[in-house]
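Notes for the structure review
The residues making up each chain are set out below.
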Amino acid sequence: GESVGLHLPTLSVQEGDNSIINCAYSNSASDYFIWYKQESGKGPQFIIDIRSNMDKRQGQRVTVLLNKTVKHLSLQIAATQPGDSAVYFCAENGQAGTALIFGKGTTLSVSS
Amino acid sequence: GAVVSQHPSRVICKSGTSVKIECRSLDFQATTMFWYRQFPKQSLMLMATSNEGSKATYEQGVEKDKFLINHASLTLSTLTVTSAHPEDSSFYICSAPPRTMNTEAFFGQGTRLTVV
């Protein structure tokens, strides 16, 4: 079946470094993508989204890049802080009104 | 912004008993609610979709008689884990779809179920 996956299960960085988390998706019909942050024991927290008619979107300290040619999504976190430590999921919405499909998740560990 | 409230946040129950998890949309009406299950160190997997006024639809491999879903009103969806077993121990999360297409969905806080 079609699914969204992540390349790396864990990422360890030093405080102040930039972090890049990657995601590959397989449903070429998906037109909306979201990055979520999940802390232990909590529900997913929205970080940033991007529609398929864009290739880059910036938020506060975060940037999402979308490459539709190779079906690749990435999340860049600038000046990573210990509070950024969490599991990050990409998700896609293949069809309007249907549930999001989540990738496997990357654990980001930030050491000070 | 919209808020989805899920309750309880944690529950421990004995094998063989049933547990009900509630998911409420606080400032909007949700005709649909998605229920996910998340095992440790794994991603969120869609279990079922509840629809107000009609039967829920279940994903392949999810037992509808074990995971009873009721969408009694436009603001409340419930998931009941019946005859719970230790393998049902997991993190359950509800989600309301976005109000407009291609905007963010709204998630509950999640329920940590431990069956002993």
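Whatever comes next refers back to the structure up there.
Scope of this entry: the structure provided in the associated data block. This one's a predicted model, so the numbers in the text were calculated from it and none came from an experiment.

**Some words on the packing of aromatic side chains**
Per the counting criterion, the structure on display carries 10 aromatic pairs over all chains. Aromatic pair Tyr25 of chain A and Phe33 of chain A: ring centres 4.5 Å apart, planes at 45°, arrangement tilted. The same class applies to Tyr25 of chain A and to Phe33 of chain A, which are both buried. Between the aromatic rings of Tyr36 of chain A and Phe102 of chain A, the centroid separation amounts to 5.7 Å while the plane-to-plane angle is 40°, which identifies the pairing as tilted. Within this pair, whereas Tyr36 of chain A is found in strand S4 (residues 32–38), its partner Phe102 of chain A is found in strand S10 (residues 101–102), the two being separated by 66 residues in sequence. Residue Phe102 of chain A is classed as buried on the basis of its relative accessible area, which comes to 6%. Counting every residue linked through ring pairs, the aromatic cluster contains Tyr36, Phe46, Phe89 and Phe102 of chain A together with Tyr36 and Phe107 of chain B.

**Focus on the pattern of salt bridges**
Residue and element names in this part refer to chain B. Going through the model one piece at a time under the given rule, you end up with six salt bridges over all chains. A salt bridge links Glu22 to Arg24, with the shortest nitrogen-to-oxygen separation between them at 3.5 Å. Residue Glu22 is classed as partly exposed on the basis of its relative accessible area, which comes to 24%. Taking the relative accessible area as the measure of exposure, Arg24 reaches 35% and is therefore partly exposed. Across the pair Lys66 and Asp88 runs a salt bridge, and its minimum N-O distance is 2.8 Å. Here Lys66 is found in the loop between strand S6 (54–58) and strand S7 (67–73), whereas its partner Asp88 is found in the loop between strand S8 (76–81) and strand S9 (90–96), with 22 residues between them in sequence. Take Lys66 and Asp88: they sit in the same class, and that class is buried.

Rules and cut-offs
Residues numbered from 1 in each chain as written. Chains lettered and ligands numbered in written order. Predicted model: local features only at pLDDT ≥ 70, side-chain atom pairs only at ≥ 80, totals over all residues. Heavy atoms only, no water. Phe/Tyr/Trp six-rings, centres within 6.5 Å; stacked < 30°, edge-to-face > 60°. Buried < 20%, exposed > 50% of the residue type's maximum accessible area, 1.4 Å probe, protein only. Helix = DSSP H or I, 4+ residues; strand = E, 2+ residues; numbered from the N terminus. Salt bridge = Lys/Arg side-chain N within 4 Å of Asp/Glu carboxyl O.

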